[in-house]
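Summary of structural features
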Amino acid sequence: PAHPAAHAAVAHHATAHAAHPVLHAHAIVERVQQWMSRAGGGGSGAAPVARRIAMLGRIVNLDHAAEAMHRSLAAPLLDSGIEHVVTHGQEMRWLREEMPASMLGPHFESAADAAGYLGAFLRDGDLLLVKGDRDRSDFGDIPELLQKL
């Protein structure tokens, strides 16, 4: 039988380079909101979503705004309906400080470790959002690593 990670719906958007980092941070919020609105209904005969999971990577090139921008992602995530947040990259620790412990999965510095966790954690019917920067990071490898499970 296929591994459950193969049956989880994955929405992936890894950015190679943000032209303007603040706009990129807002794009993460917009992507989460769009993704959750599409994932909510299942009215077209789609199977119901079991769990909504986000695998989030750091936002690069924010300089002095890095801490505030990463922390500011908490409010839209809390409003989004996402149930489990897994993070990757040092800067995402600021987001984790703003999130309730009940929503937090583990934090990773390695894409291989993150994909290994997700491969074991995901079940049929889960919806996974993978969003983050690939610049100076292995974050962009996560979708490919999941496909290999």
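Here is a short report on the structure shown in this document. Computed from a predicted structure; not experimentally measured. (Residues numbered from 1 in each chain as written. Predicted model: local features only at pLDDT ≥ 70, side-chain atom pairs only at ≥ 80, totals over all residues. Heavy atoms only, no water.)

In terms of helices and strands, the protein carries six helices and five strands. Counting from the amino terminus, helix and strand elements in the protein follow one another as β-α-β-α-α-β-α-β-α-β-α. Looking at the protein as a whole, 46% of its 149 residues are labelled buried. Of the roughly 7,300 Å² that the protein leaves accessible, carbon and sulfur atoms contribute 53%. (Helix = DSSP H or I, 4+ residues; strand = E, 2+ residues; numbered from the N terminus. Buried < 20%, exposed > 50% of the residue type's maximum accessible area, 1.4 Å probe, protein only. Areas by Shrake-Rupley, 256 points an atom, 1.4 Å probe, with all protein chains shown as cover.)

Judged by how many residues are buried, strand β5 (residues 127–133) sits mostly within the fold: seven of seven residues are covered. Neither face of β5 is exposed, since Leu127, Leu129, Lys131 and Asp133 on one face and Leu128, Val130 and Gly132 on the opposite face are all buried. Pairing between strand β2 (residues 52–57) and β5: five bridges, direction parallel. Bridge pairing links Leu56 to Lys131 in β5. (Pairing = 2+ DSSP bridges.)

Before going further, it helps to spend a moment on the pattern of salt bridges. In total, this model carries eight salt bridges according to the counting rule given. Taking the shortest distance from any N to any O, the salt bridge between Arg58 and Glu91 comes out at 3.4 Å. Highlighted residues: Arg58 in the loop between β2 and α2 (66–72) and Glu91 in the loop between β3 (84–88) and α4 (92–98), separated in sequence by 33 residues. A salt bridge links Glu97 to Arg71; the nearest nitrogen and oxygen atoms lie 2.4 Å apart. One end of the pair, Glu97, is in helix α4; the other, Arg71, is in helix α2, and 26 residues separate them in sequence. (Salt bridge = Lys/Arg side-chain N within 4 Å of Asp/Glu carboxyl O.)

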